[in-house]
Amino acid sequence: MANYEEKLLAALAEKYRRSKKDTGTNKIVRRTKVTPEALYKHYHRNDGDMGQIQAVNETVRRCQERGFVTGTWESFSDELREIVLVDEKVQEIESYLQEKYGYEPKAAKKRRVEEIIAAYGGRSKAAERECQKLRQALEKNKIPPKYQQTEELLKALVFIEHNQRQLFLREASLLIYGDSKYLEENTLSAVCRTLREYLNRPCSEEEIEDEILEDYHILREKQRLCLKGSVTLHMAGEEVCLDNFSGGIEFFSQELERIEKITVHTPYFMTVENYTSWLRLQKPDTAYFYLGGYANRCQRDFLKRVFQDNPGLFFRHFGDIDAGGLYIYEHLRRVTGIPFERYRMSRTELEDARYQACLQPLTEQDRVRLQSLAGQEPYRELAEYMLKKNVKLEQEIVSFFE
């Protein structure tokens, strides 16, 4: 059973600390309160668990006896209407939570923010800019939201702005965090966004967000391009025929500079979202290019070359039949300017009897993204069907039966 005491007191203390009462700027006195549903969401439902409801009631009575809260009860019943904080007790409540549950009170959070400012303030220009935001929050008697993540951001900013060595991204991550993947998986977007804001260099449509790191001698690992099918690469007077490589080839993106022309001998050229499907597909009328997700700059430049060198070639994209797959497809069309058509990404596949055991339910994030796509004509029918039926499908099962 949930620990309703900790949940209740922490919720009220946090709500009070976020209010204007705590900063002394309130003009209207409002009570700091929560409903019992904030503790147990089915509190007022007929099918609510009576054990849980009783536990909430007992928790409120105990907290009321300690003078921490007052409970407002429904007339002629044992049901709570709301729980109100006794404002004068907020500091005592925080001390109680800290001692019993390891809760961090506002005073401790403030000290931690001050320590962060002292450690990173003035050590680099972008870091100082972020520290100034922390100072401004403290001056208003507010605790900056997500200040722990801000410290991780500041670590990276200080290192990056002082870096003079040519580094790959994962090398930089090791030197900053002691973990080769931490930067890429946790702070990269925030770091790049912060640097762009400081330099006043917003990310253009033609640019990848982390390219800003090249200004600081930090590069992503060399990009590889994966291609297979009846294609000829013309390089330095030589011809490389991919027909001789049944499994396709992979080459580093810097080789693009040496490629003079790309000749596709098939009527169709297809980008494929996932690697397993790229390996599986093998139709003689199609050349295949592994995308792996949103197209990066190197992939975009290669695809533009294919489009430029092969007038009349038909372009297709094959990906997951989910919100992510449709967003990747939309991004691909936008950044390349190529009129890609969707391949096996329709209602037909979702209704196919062969794939029914592999259909998956939508997540909340899926639903939000699909609702946005439902407002766009090219995706309306498919998005509405997916929302209605609560289904999505990964492309690997579709390519398996191709």
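Residues numbered from 1 in each chain as written. Predicted model: local features only at pLDDT ≥ 70, side-chain atom pairs only at ≥ 80, totals over all residues. Heavy atoms only, no water.

> What is the right way to read the overall build of the chain from this model?
A tally of regular secondary structure across the chain gives 16 helices and 14 strands. Taking 402 residues into account, the globule formula puts the C-alpha radius of gyration at 21 Å, and the chain, at 29 Å, lies well above it. Principal-axis analysis of the C-alpha atoms gives the chain an extent of 85 × 60 × 35 Å. Out of the 402 residues belonging to the chain, those deemed buried represent 45%. Nonlocal contacts in the chain, meaning residues at least 24 apart in sequence, comprise 63% of its contacts between residues at least 6 apart. (Helix = DSSP H or I, 4+ residues; strand = E, 2+ residues; numbered from the N terminus. Rg over C-alpha atoms; globule rule 2.2 N^0.38 Å. Buried < 20%, exposed > 50% of the residue type's maximum accessible area, 1.4 Å probe, protein only. Contact = heavy atoms within 4.5 Å.)

> Whenever I open this one, unusual backbone geometry confuses me. Can you help?
Keep in mind that most residues, glycine aside, have a negative phi and that most peptide bonds are trans. Even without a glycine there, the phi angle at A236 is positive, about 50°. Looking at the secondary structure, you find A236 in the loop between β7 (231-235) and β8 (238-241). Overall, A236 belongs to the exposed group, its relative accessible area being 56%. Non-glycine residue R344 carries a positive phi angle of around 50°. Structurally, R344 can be placed in the loop between β14 (341-342) and α13 (347-351).

> Please explain helix α1 (residues 4-18) as it appears in this structure.
Each full turn of the α-helix corresponds to 3.6 residues, which orients residues three or four apart in the same direction. Compared with an ideal rise of 1.5 Å per residue, which puts 15 residues at 21 Å, α1 spans 21 Å between its outermost C-alpha atoms and is within 8% of the ideal. Listed in full, the buried residues belonging to α1 are Y4, E5, L8, L9, A10, L12, A13, Y16 and R17. With a side-chain oxygen positioned 3.3 Å from the backbone nitrogen of E5, the residue opening α1 is N3. (Expected span 1.5 Å × (residues − 1). Polar contact = N/O pair within 3.5 Å; in protein donor to acceptor, adjacent residues only side chain to side chain.)

> Looking at this model, I keep getting lost on the sheet that holds strand β3 (residues 80-85). Mind explaining?
The strands making up a sheet associate through hydrogen bonds between their backbones, and the pairing can be parallel or antiparallel. An order of β1-β3-β2 is seen for the three strands of this open sheet, with the pairing classed as antiparallel. The open sheet has two free edges, formed respectively by β1 (33-34) and β2 (69-73), since each of these has just one partner strand. Across five bridges, β2 lies against β3 in antiparallel orientation. Bridge pairing in β3 links T70 to V84. Where helix α3 (residues 50-65) meets the sheet, its contacts fall on β2 and β3, and the angle it forms with β2 comes to roughly 135°. (Pairing = 2+ DSSP bridges. Axes fitted to C-alpha atoms, helices over the stretch in contact; angles between N-to-C directions.)

> Sorry, what's going on with the packing of aromatic side chains here?
Two descriptors summarise a pair of aromatic rings, namely the distance from one centre to the other and the angle between the planes of the rings. Under the criterion given, the structure shown has 16 aromatic pairs. Summarising the aromatic geometry, the rings of Y177 and Y182 are spaced 4.5 Å apart at their centres and angled 50° between planes, so their arrangement reads as tilted. On the accessibility criterion, Y177 (17% relative accessible area) is buried. With a centroid separation of 6.0 Å and an interplanar angle of 50°, the aromatic rings of Y355 and F401 are classed as tilted. Remark: F401 occurs in the segment after α16 (395-400) and Y355 occurs in the loop between α13 and α14 (364-373); sequence separation between them is 46 residues. (Phe/Tyr/Trp six-rings, centres within 6.5 Å; stacked < 30°, edge-to-face > 60°.)

> Mind showing me how you'd approach the pattern of salt bridges here?
Side chains carrying opposite charge are able to pair once their charged atoms draw close together. Scanning the model with the defined rule gives 30 salt bridges in all. R300 is the partner of D301 in a salt bridge, and the nearest nitrogen-oxygen pair spans 3.0 Å. Judged by its relative accessible area of 30%, D301 falls in the partly exposed class. One salt-bridge network, in which partners are shared between bridges, spans R129, E130, K133 and E197. (Salt bridge = Lys/Arg side-chain N within 4 Å of Asp/Glu carboxyl O.)

> It is not clear to me how the environment of F168 should be interpreted in this structure. Could you clarify?
Relative to the helices and strands, F168 resides in strand β4 (residues 167-168). Spatially, the C-alpha atoms of F168 and I262 are 29 Å apart, while their sequence positions differ by 94 residues. The contacts of F168, once residues within four sequence positions are left out, are I218, L219, R220 and E221.

> When you look at the packing of helix α7 (residues 147-162) against helix α8 (residues 169-177) in this model, what are you seeing that I'm missing?
Geometry of a packed helix pair, given as the angle between the helix axes and the separation of the axes. Look at α7 against α8: their axes get within 10 Å of each other, and the N-to-C directions meet at 115°. For the element pair α7 and α8, the recorded crossing hand is right-handed. From α7, E152, L153, K155, A156, F159 and I160 reach across to α8, where they touch A172, L175, I176 and Y177. Partitioned by chemical class, the residues of the contact of α7 with α8 number eight nonpolar, no polar and two charged. (Left-handed = near helix turned anticlockwise from the far one by under 90°. Nonpolar A, V, L, I, M, F, W, Y, C, P; charged D, E, K, R; others polar.)

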